[in-house]
Each structure stands twice: as C-alpha cells, then as structure tokens.
Amino acid sequence: MRCFLLVLLCFFCTPIIASPLTNIEPTQIKPNTQALSLNNEAMFYFDYEGEFRSAFDFDRHSYHFRPISDINKKPKISIYSKWAYIKLDNQSDVTDWKMSFGFPRLAKLSVYKKLPNGWQDLLNLDESDPFSKRPVQDPQMYIPLNMDIGENIFLIEYQTFANAPANLQIHTPENYLKESHKSIITNASLTGVVAAILLIVLVNLFFNRNSTNVFYAAWTFLFFLIVVDTAGFSFQYFWPSHNAFSGQFSIFLMATVPLFHLLFVRGFLQLNHYHPTLNKVYVAFIALYTITVPTALVLNTVYFNLILSTLVIPVFVYTCSWSIKQKGPGMRTFTFSLINHLLFLNIFTILGASYGNFIDVFDITSFIKIGYLIEVLLFTVALALQHKSLQSRLLNQLQHQVHALNQTVNTKHREVSYKEEKLKEKEEKLFTDLSHELRTPLTVMKIQVESLQYNIVDNVQDSYNKLMSKIDELNNFIDQLMLVTDDKDIASLLNQEPTNAHVYVNEVFQTCISQGDPKTSSFSVTNKLDRSLSVTLDKQTIENAVCEVVKNALRFGGEGVEISLNTYLDNDFLVIRIEDSGMPLSYEAHQQLFQPLFREEVSRSTLMGGKGMGLAVCKKIVESHGGKIESHNSLLGGLCIEISLPLDNTLHLNAARAS
C-alpha cells in the first residue's frame, strides 16, 4: 500500500517538475502593438550537448528553460542550438506577423507551433538551403509567424554565427516593411560611405606606397566586405545558392580583419623604432592570428580568434595609454580610434557577446558596423594628419634644400670669381717674375754683345762661351717653364717600368749623397723597404726630382746642413722623405712652394742661385706618376718634403707590412 502511494505521489509530482512552463503568463499583444521584443519575455534553453533535437523532445527538456538572464552561459568551440519558448496572447486583429533575429543569416532555424494535439512543424532551414527557400525574401532574416487571436505558443530553435545572442522581435506587416526599408537604406548608405573611404584610402596608397598604407587599405577593404556581408547583400546577391560558403566567408572575414588591424597599428606607431618591447608583443599576436585563420576555416569556428581577441585587450589598453603620451601628428586621434575599437569590438562584441555571452548585448551586427565605421573614420583622419605633417616637413625640407642650393650657387659663383681673380693675379705675378728672371741674363748678354762690338774684351772666345752659356741657360729655363705651365699630361712621354723599390731607392740616395760636400753637409739614410716591393716609374725623372729636392736642401740649408733621407709605406703609397736642418718656411711660403718662379725673399734669396723652377718641375713629374708631393717644416729645423708614389699592387704591400 505504501509503495502504491509513493508511486502515485511521484506520478503527480513529476509533471510539476518537468513542465514548469505551463504556469507562465503569456505576453500580451495589444491592439496598437507594432513591434515587440521577445528576449525578456521568452524562456530559453541553450543546448550545449546537442540533446534537444526537435520539439517532440520538449517534455524531456522543458525543465531546462529559464529567462535569458538566468542562463548559465558557456563558451563553446562548436555552434550549438538555442531554444526559445514563446507564449503570446494576441489581443490585436493582426494575425500575419513577421519575426526577426538581428542577423542576415542563421546556421539553423526551426519553428514549431503548439496545437491541442502536439507540436506543428512550421519551418526548417539549415546551411544547405539556398536563399530562395527563405519564406521572406529579405537581406535580413525574417520569417512569417501566423498567430491566432488569443493564446499562441511557439518553440523556436536557432543557431547564430559564433553563438552570438540574437535579438528576437515580432513585427506587424507595416512595421516589417518600415524596418526592412530602413535596414536596406541604412546598410546601403553605410556601404557607400565605407566604399568612399576605401576609395580615398586607395588613392592615398597610390601616392604614398608604404607597408602601413598597404595594411590599412587591406583592413579597410575587409571592413567593406564585413559591412556587405552583415547587411545580407553577399548571400542574397553574390552566392544565393551557397549558404554554407556564406558562413565560411563570414568566418574568413572575422578571422582575417584583426590580423591586418594589428599590422596597421604596429606600422602607424612605428613600434619597431619607438617601443621594441611592445613591438615584439605585437609580432607574437600577429603570428598567432595568422595561425588562427586556417584553423578557423578548417574547424568552421572563430572560437580561437575570439579567445585571442580577448587576450589582446590588455595589449590595446597599454597601447592606448602609451600612444596618448606621444606627440606625433595624429596620435591623439589614432588613440581615440583604438579606444573605440577596444570598446565596441573587443569588449561589447567579442567579450560581451560572442565569447560566452557574458553581457546580453543584442544587435551584434550593429555594434560591429558602428564600431568599425567610427574606427575607420578616425584612422583615416589620423593618417591624413600624419601625411599632412609629413608633407609640411617635406615642403620645409624642399624649401631648405632650395635655399641651400641657392646659397651653393652663390658660393660657387663667388668661388669662380675669386679663382678668376687669383688666376689673373697669378698670371700677372708670373709675367712679373718672368720679366725679372729674364732681365738679368739679358742684361749680361747685352753687355757681352756690346763688349764684342767695341772690341773691349780681353778674351773673345771666353766672351763667346759666356754668351752661349747664357743662351743655353735661357733655353733650359724656357723649357722648364713650358713644362710646369702646360696643362697637357706628360705621363705618355715617360718611360715607366716596374722597378724594385728597395734597390732603386738605395741607388737614388747614393746619387744624392754624392752631390754634397762632406765638409759642409752630412747625410743620414734609412731604407727599410721590403726587397720584394715593386713600384712602376720612370727611373731618371724620379731620380732627378729627388736630387732636385736634395740640391735645394744643400743650397739653402746653410753651412753644416744635416739632410735626412728615409722611406716608409702609407697605405698604397711609397713615401720618400727628404728633410734638412736649414731655416723653416712660413705658412704662405708652403702654399706657394711648388709654384713656378717662387723664391722666399729672405731664406731662399736669388743671391744663392736658382730661378724657382726646380720644385715646380718636381711636382709635375711626381703627379704624372699618379703621386703627390707635399711640404712642411721638419723636426730638424728646416724643410721636409715628401714624395708619394703609388705601389704596383696590394700583395707587395701586405708582404711589406708583414715583414
């Protein structure tokens, strides 16, 4: 008897536990109702395990239904079904209603109506169905919902993209037409605005080709496709027979757009230059986003992208706090754009809605479009400010360069004028010195001729010899003058041949020593050149040049002059150094030492002989060998002249340095 009572008690109690929805008061539809939101009126069940397959299983799962605010929301990798139990009391005279979900497409949709004898299957759609199977041909998802006057009960199963929450509403025919037209116009206008921005971005990319603008153009183009896709235009007009591909296309857009967004942010802020540590963090996230793109397409889910977009939130927060402190052009506008992205897309859309539905934010596509639109506008303004600043800097640089060029032209003009004046002065000085040099021998020759003419000489033959000697001296002087003043290169006239530098220098030094008098001069010789070192030169002319320098040292060094002869290597040159202990020269004298007809009036007087042509000839000879000759005061007290001759090749040079 007790067992019978227990079974009877369980029989009556079980329906009470299994069917709590029977006591729910229906939502009233008043006569003046045009639209009604059902999210707060309906009871929901999120079928995470896929156990609730049709309305005919309702009795077994009815106790799971709760208000949406009480649902234990869980993030899931795969798409799951959401069930809505709707009880309506239609007190209006309208029976032909339309129901919307706030999405352009649903992965799955089933609608059941409760009849006295059970559930009636009204509609079933899935990803294999084309657009033409929709009962309402609208870019957004609308379905007809026929309601009787009085109480109506509906059970609706739907699956949304990324398991985002849907905005369930019912509309009268008039309100449906109004909302549909407004949605089409709004989405078309938004698409046109984004297309115009994209055109501006592409024009900017054409004139400013760099990686940052490329990433921004790609990101803007993806945003344009997202607007077209969330408006429902892609499924309706591009591939109306491929609903499954439409889902893959949406996944591709949502998985790819954060990648180019990070690339653009990293490039705009130039993190590799200004914040290397943050740059490494961005590079790591870019690599992870790159991996998630094929993963999302293969697994047919953006779950991992949503997790990654959640993890990147602290990075964006830090980036905003860092970029707002920078003083570059457009940085403040860029920071506001990044804050907008963080708020609308990462927090409201991803963290708040798509990923786990922690916040019951509806009209998810509106948040995406509004967030992206504000962001792309601010980003475009930031780029415009940056480019304007860059153009201003370029203009300033151009003006500076034009000014510098003008100054350079003026400077060159002054230099040319100065050189012309100096050349004129040099020519005048040359003719003055030449007149001076010719006057003395001509005077001597005139005296000799007059002496011969009036027979007042003791030895006629001696006078003839002196006269011929002066004529030869003048011929030699004229030849030297022509040599040093002629602009033609004399290298082709030289007999240059490879020569052992060590042996040749020893021979030249011995010749120089033989020109001195041991009683009035002393020589010191140093020659440590490698015996394999080779130099190409005309032996006779170089020997004459070195000997001419030594003669000057002997002539002007004074009584007991000390002369030092040594060699060394300087890069690819063999340097022959001749120093004496005579009187040093002034700075001005060093500047003119190798000019024709130069003699310093005090220390290098004409009373000591010479016409000032020797060193000028030496300079011409050395330069014809590709070398150079320089002078400075010696540590011995007098003059130091260095003759630099190019070596044959670097192999000999390396061997010499190694020794």
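Everything numeric here is computed off the predicted structure, so don't read it as measured data.

Quick notes on the overall build of the chain
Right, on to step 1. Within the chain, the regular secondary structure consists of 18 helices and 17 strands.
Right, on to step 2. Classification of the 659 residues of the chain by burial places 46% in the buried group.
Right, on to step 3. Contacts in the chain between residues far apart in sequence, at least 24 positions, make up 75% of those at least 6 positions apart.
Right, on to step 4. A total accessible area of about 34,600 Å² is found for the chain, and carbon and sulfur atoms account for 58% of it.

Concerning the nonpolar core
Right, on to step 1. By size, the foremost hydrophobic cluster in this structure holds 48 residues, and its most contacted members are L262, L269 and Y282.
Right, on to step 2. Breaking this core down by element, the ones donating at least two residues are α3 (173–207), α4 (211–230), α5 (233–238), α6 (243–269), α8 (276–299), α10 (313–323) and α11 (331–354).
Right, on to step 3. Here L262 is in contact with Y282, F285, I286, Y289, V312 and F316, once residues within four sequence places are set aside.
Right, on to step 4. The next biggest cluster of nonpolar side chains, apart from the first, holds 38 residues, and it includes V508, I542, V549 and I629.

Brief notes about the side chain of D530
Right, on to step 1. Among the secondary structure elements, D530 is positioned in the loop between β12 (521–526) and β13 (534–537).
Right, on to step 2. It is R531 that comes nearest to the buried, bridge-free D530 among opposite-charge side chains, at 7.7 Å.
Right, on to step 3. A polar contact is formed between the side chain of D530 and the side chain of S532, at a distance of 2.3 Å.

A short note on the pairing of strand β7 (residues 118–126)
Both faces of the sheet carry side chains from a regular strand, because those side chains alternate between them.
Right, on to step 1. Bridge count for strand β6 (residues 108–115) against β7 is eight bridges, and the pairing is antiparallel. When the bridges of β7 are listed, L109 appears paired with L125.

A look at the sheet that holds β12
Right, on to step 1. Taken together, five strands build an open sheet; the order of strands is β12-β14-β15-β17-β16 and the sheet is mixed. The sheet terminates laterally at β12 and β16 (628–633), the two strands that pair on one side only. Across the sheet, the axes of successive neighbouring strands diverge by a mean angle of 15°, strand direction being ignored.

Side note on the packing of aromatic side chains
When we look at a pair of aromatic rings, we describe it by the centre distance and by the angle of the planes.
Right, on to step 1. Applying the stated criterion to the full structure yields 24 aromatic pairs.
Right, on to step 2. Taking 5.3 Å as the distance between ring centres and 65° as the angle between the ring planes, the aromatic pair formed by F58 and W119 counts as edge-to-face. Note that F58 is positioned in helix α2 (residues 58–61) and W119 in strand β7, a separation of 61 residues in sequence.
Right, on to step 3. Judged by its relative accessible area of 8%, F58 falls in the buried class.
Right, on to step 4. The class for W119 is buried, based on a relative accessible area of 13%.
Right, on to step 5. An aromatic cluster is present here, built from Y45, F52, F58, F65, W83, Y85, Y112 and W119 joined pairwise through their rings.
Right, on to step 6. In this arrangement the basic side chain of K114 is found over the ring face of W119, its NZ or CZ atom lying 5.3 Å from the centre.
Right, on to step 7. The ring of F573 has K628 lying over it, and the distance from NZ or CZ to the ring centre is 5.9 Å.

With respect to helix α15 (residues 539–556)
Right, on to step 1. In a regular helix each residue adds 1.5 Å, so 18 residues correspond to 26 Å; α15 covers 26 Å between its end C-alpha atoms and thus fits that length.
Right, on to step 2. All of the buried residues along α15 are T541, I542, E543, A545, V546, C547, V549, V550, N552, A553 and F556.
Right, on to step 3. Capping the start of α15 is the job of one residue whose side-chain oxygen sits 3.2 Å from the backbone nitrogen of Q540: D538.
Right, on to step 4. Positioned one or two residues after α15, G558 has a phi angle of 90°, which is positive.

Notes on the environment of T526
Right, on to step 1. Looking at where T526 falls in the secondary structure, it is placed in strand β12.
Right, on to step 2. The sequence separation of T526 and R577 amounts to 51 residues, and the corresponding C-alpha distance is 9.9 Å.
Right, on to step 3. Other than its neighbours up to four places away in sequence, T526 contacts F509, L565, N566 and T567.

Digging into the sheet that holds strand β10 (residues 169–171)
Right, on to step 1. A sheet is described by the order of its strands in space; here four strands give the open sequence β2-β10-β5-β8, paired in antiparallel fashion. If you trace the sheet from one side to the other, it starts and ends with β2 (35–37) and β8 (142–146), each paired once. Direction aside, neighbouring strands of the sheet carry axes that sit 25° apart on average.
Right, on to step 2. Where strand β5 (residues 96–100) and β8 come together, five bridges link them in antiparallel fashion. Bridging from a neighbouring strand, D96 pairs with N146 of β8.

Structural notes on the confidence of the model for the chain
Any segment with low pLDDT has predicted coordinates that should not be analysed in fine detail.
Right, on to step 1. The predicted model of the chain has a mean per-residue pLDDT of 79, with 74% of residues at 70 or higher.
Right, on to step 2. Confidence drops under pLDDT 50 across residues 601–613; counting only partners more than four residues distant or on other chains, this segment forms 34 contacts.

Quick word on the pattern of salt bridges
Right, on to step 1. Scanning all chains against the criterion turns up nine salt bridges.
Right, on to step 2. Its salt-bridge partner being R60, residue D57 comes within 3.9 Å of it at the nearest N-O pair.
Right, on to step 3. Residue classification places R60 among the exposed positions, given a relative accessible area of 52%.
Right, on to step 4. K619 serves as the salt-bridge partner of E623, at 2.7 Å between the closest nitrogen and oxygen. Of this pair, E623 and K619 both sit in helix α17 (residues 614–624), four residues apart, which is roughly one turn of that helix.
Right, on to step 5. Overall, the relative accessible area of 42% leaves E623 in the partly exposed class.

Observations regarding α6
Right, on to step 1. If you check α6, its first and last C-alpha atoms are 40 Å apart, about what 27 residues at 1.5 Å a residue would give, namely 39 Å.
Right, on to step 2. Across the 27 residues of α6, 19 count as buried, placing the element largely inside the fold.
Right, on to step 3. Q270 sits one or two residues past α6 and shows a positive phi near 50°.

A look at a nonpolar patch on the surface
Right, on to step 1. A surface patch of nonpolar side chains, amounting to about 370 Å² of accessible area, comprises I77, V298, L299 and F304.
Right, on to step 2. By the secondary structure assignment, V298 is in helix α8.
Right, on to step 3. The class for V298 is exposed, based on a relative accessible area of 68%.

Rules behind the numbers
Residues numbered from 1 in each chain as written. Predicted model: local features only at pLDDT ≥ 70, side-chain atom pairs only at ≥ 80, totals over all residues. Heavy atoms only, no water. Helix = DSSP H or I, 4+ residues; strand = E, 2+ residues; numbered from the N terminus. Buried < 20%, exposed > 50% of the residue type's maximum accessible area, 1.4 Å probe, protein only. Contact = heavy atoms within 4.5 Å. Areas by Shrake-Rupley, 256 points an atom, 1.4 Å probe, with all protein chains shown as cover. Core = buried A, V, L, I, M, F, W, Y, C linked by side-chain atoms within 4.5 Å. Lys, Arg positive; Asp, Glu negative; His and termini not counted. Salt bridge = Lys/Arg side-chain N within 4 Å of Asp/Glu carboxyl O. Polar contact = N/O pair within 3.5 Å; in protein donor to acceptor, adjacent residues only side chain to side chain. Pairing = 2+ DSSP bridges. Axes fitted to C-alpha atoms, helices over the stretch in contact; angles between N-to-C directions. Phe/Tyr/Trp six-rings, centres within 6.5 Å; stacked < 30°, edge-to-face > 60°. Lys NZ or Arg CZ within 6 Å of the ring centre and 35° of its normal. Expected span 1.5 Å × (residues − 1). pLDDT = per-residue confidence, 0-100. Patch = residues over 30% accessible without salt bridge, like charges linked within 9 Å, V, L, I, M, F, W, Y side chains within 5 Å.

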